Amino acid sequence: MEKRLVPPLMEGTLSREGWEQGRRAELLRLLGSEVYGITPKDFEVQFTVTDESEALQGKALRRLVQAQVSGPYGTFTFPFVAFFPKGEGMHPAIIFINNREKHHTDPDRKQPSGFWPVEEMVARGYAAAAFHTWDVDTDCDDGFQNGIERIFEADAASRPDDAWGALGAWAFAASRICDWLLLQPQVDAQHIAVVGHSRGGKTALWCAAQDERIYSAYSSCSGCSGAAVTRGKKGERVAQIVRNFPYWFCKNYRRYAGREEEMPFEQHMLLALCAPRPLYIGSATEDEWADPESEFLSARLAGEAYALYHLQGVAAESMPAPEMPVQAGQIGYHLRTGKHDLTPYDWGLYMDFLDQKIGR
Ligand code: GTR
């Protein structure tokens, strides 16, 4: 495996006690205060099901839901959709963070989408929920005037340097959908996963790192500030991401532009926070901006945390060839030929991985 100088998961000897009784929480705080911002804890959430109907040619039950979140400075409501396979029994569920056009997660499925192939998911026995990022926080630099952040702040103009950004807000929304799924009798509460692509993939990882009720996360092509190790990374760097998307992060993260070596954290730590839960990383050969090698390296390095639980991380020492998924360990990885995307092929592999880990 390629060697890069990255900070260790723990100073001294990494032990399960040291990890669980201090270091894990410390890393979570560090990634919060330096990268994604601190997630507010002072809120209440209420759900209203506005429609319940048969969908997907009678193969699913569809619910449209409004989540109303109340914070210290107001309320904010966002919609999401959930499809449940028809029939008896409890189903594992997958929450999807839709960062692309809204039609991909259109509840009426007017046009099929490979980005969110819900028909296939339901056919494989998964409940599938999704929200659109813009419904939670606009994916543009609007000074935090319109997104869910405003219900937590007296004044959007004077935000602290560790105040959360859009990635944090989207991760929060995915956790609220998890709250609701846990209340649904059709859902197997032990097996709720979160999936996102690119900025959505960064979000999925941050969500699973913070929310231990999430059984598994799949990060597709998440690259910089997602799965990829930052030190020595090709393609996108901190300087570019904070210039182009400052509102995704807390202000503190800007300090590391061009100074990645000084970061007291690394992205494999984000992955390690998911241990011992099944984690999945996907890359694409032509996605140089995200840098597949740095994504793979990070997945490998996170294996150290899994070893504390006597679990294997990625079951491959070197980058696998395209279309040769590595799924035996607790961290799955695959490289797909092609562009920066999330495709039915990727989804199929992730569901294979989940089926195997859940033992279905
Ligand atoms: C890019 C950004 C990446 C990635 C991507 C996406 O422009 O530089 O970090 O998140 O957007 O979300 O598709």
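Because the structure is predicted, anything quoted here is derived from the model rather than measured. (Residues numbered from 1 in each chain as written. Predicted model: local features only at pLDDT ≥ 70, side-chain atom pairs only at ≥ 80, totals over all residues. Heavy atoms only, no water.)

Draft legend 1. Geometry of the site of the ligand. Residues in close proximity to the ligand include Ser198, Arg199, Lys202, Glu236, Ile241, Phe245, Trp248, Trp289 and His340, which together make up its full environment. Within the side chain of Lys202, one N or O atom sits 2.8 Å away from an oxygen atom of the ligand. Summarising the interface, the protein chains cover 81% of the accessible area of the ligand, which totals 320 Å² for the free molecule. (Near = heavy atom within 4 Å. Polar contact = N/O pair within 3.5 Å; in protein donor to acceptor, adjacent residues only side chain to side chain. Areas by Shrake-Rupley, 256 points an atom, 1.4 Å probe, with all protein chains shown as cover.)

Draft legend 2. Quick peek at the pairing of strand 5 (residues 127-132). Burial runs high along strand 5: six of the six residues are buried. Where strand 3 (residues 74-85) lies against strand 5, three bridges are found, and the strand directions are antiparallel. Residue Val81 lies in a different strand from strand 5, and its bridge partner there is Ala130. Alignment of strand 4 (residues 91-98) against strand 5, held across six bridges, turns out to be parallel. (Buried < 20%, exposed > 50% of the residue type's maximum accessible area, 1.4 Å probe, protein only. Helix = DSSP H or I, 4+ residues; strand = E, 2+ residues; numbered from the N terminus. Pairing = 2+ DSSP bridges.)

Draft legend 3. Quick look at the pattern of salt bridges. Evaluation of the coordinates by the stated rule reveals 26 salt bridges. Here Arg100 and Asp341 are joined by a salt bridge, their closest N and O atoms 2.9 Å apart. Of the two residues, Arg100 is situated in the loop between strand 4 and helix 2 (118-123) and Asp341 in the loop between strand 9 (331-336) and helix 8 (344-358); the sequence distance between them amounts to 241 residues. Its relative accessible area of 25% is what places Asp341 among the partly exposed residues. Between Arg259 and Glu262 there is a salt bridge, and its shortest N-O distance comes to 2.6 Å. Several salt bridges share partner residues, and in doing so they unite Asp51, Arg62, Asp106, Asp108 and Lys110 into one network. (Salt bridge = Lys/Arg side-chain N within 4 Å of Asp/Glu carboxyl O.)

Draft legend 4. Representation of helix 4 (residues 199-210) in the model. The terminal C-alpha atoms of helix 4, which comprises 12 residues, lie 17 Å apart, in line with the 16 Å expected from a rise of 1.5 Å per residue. The element helix 4 is extensively covered by neighbouring structure, given that 10 of its 12 residues are classed as buried. (Expected span 1.5 Å × (residues − 1).)

Draft legend 5. Just the sheet that holds strand 2 (residues 60-71), in detail. The strand order across the open sheet formed by nine strands is 1-2-3-5-4-6-7-8-9, and the pairing between neighbours is mixed. With one partner strand each, in any of the chains shown, strand 1 (44-55) and strand 9 form the two edges of the open sheet. The average angle at which neighbouring strand axes cross in this sheet is 20°, direction not considered. Judged from the six bridges that link them, strand 8 (residues 279-284) and strand 9 form a sheet pairing that is parallel. Across the sheet, the residue bridging to Leu279 is Ile331, located in strand 9. In the packing of helix 3 (residues 166-181) onto the sheet, contacts are made with strand 1, strand 2, strand 3, strand 4, strand 5 and strand 6 (187-197), and the angle to strand 3 comes to roughly 55°. (Axes fitted to C-alpha atoms, helices over the stretch in contact; angles between N-to-C directions. Contact = heavy atoms within 4.5 Å.)

Draft legend 6. View of the layout of surface pockets. Put simply, the largest pocket is a space of about 380 Å³. What lines the largest pocket is a set of 19 residues, among which Thr39, Pro40, Lys41, Gln210 and Asp211 lie closest to the centre. At the level of secondary structure, the elements contributing two or more residues to the lining of the largest pocket comprise helix 1 (16-36), helix 3 and helix 4. For the lining of the largest pocket, the class distribution of residues is eight nonpolar, six polar and five charged. (1 Å grid on protein atoms, 1.4 Å probe; cavity = no way out; pocket = protein on both sides within 12 Å on 5 of 7 lines; lining within 4 Å. Points joined across faces, edges and corners; volume = space filled by probe spheres on them. Nonpolar A, V, L, I, M, F, W, Y, C, P; charged D, E, K, R; others polar.)

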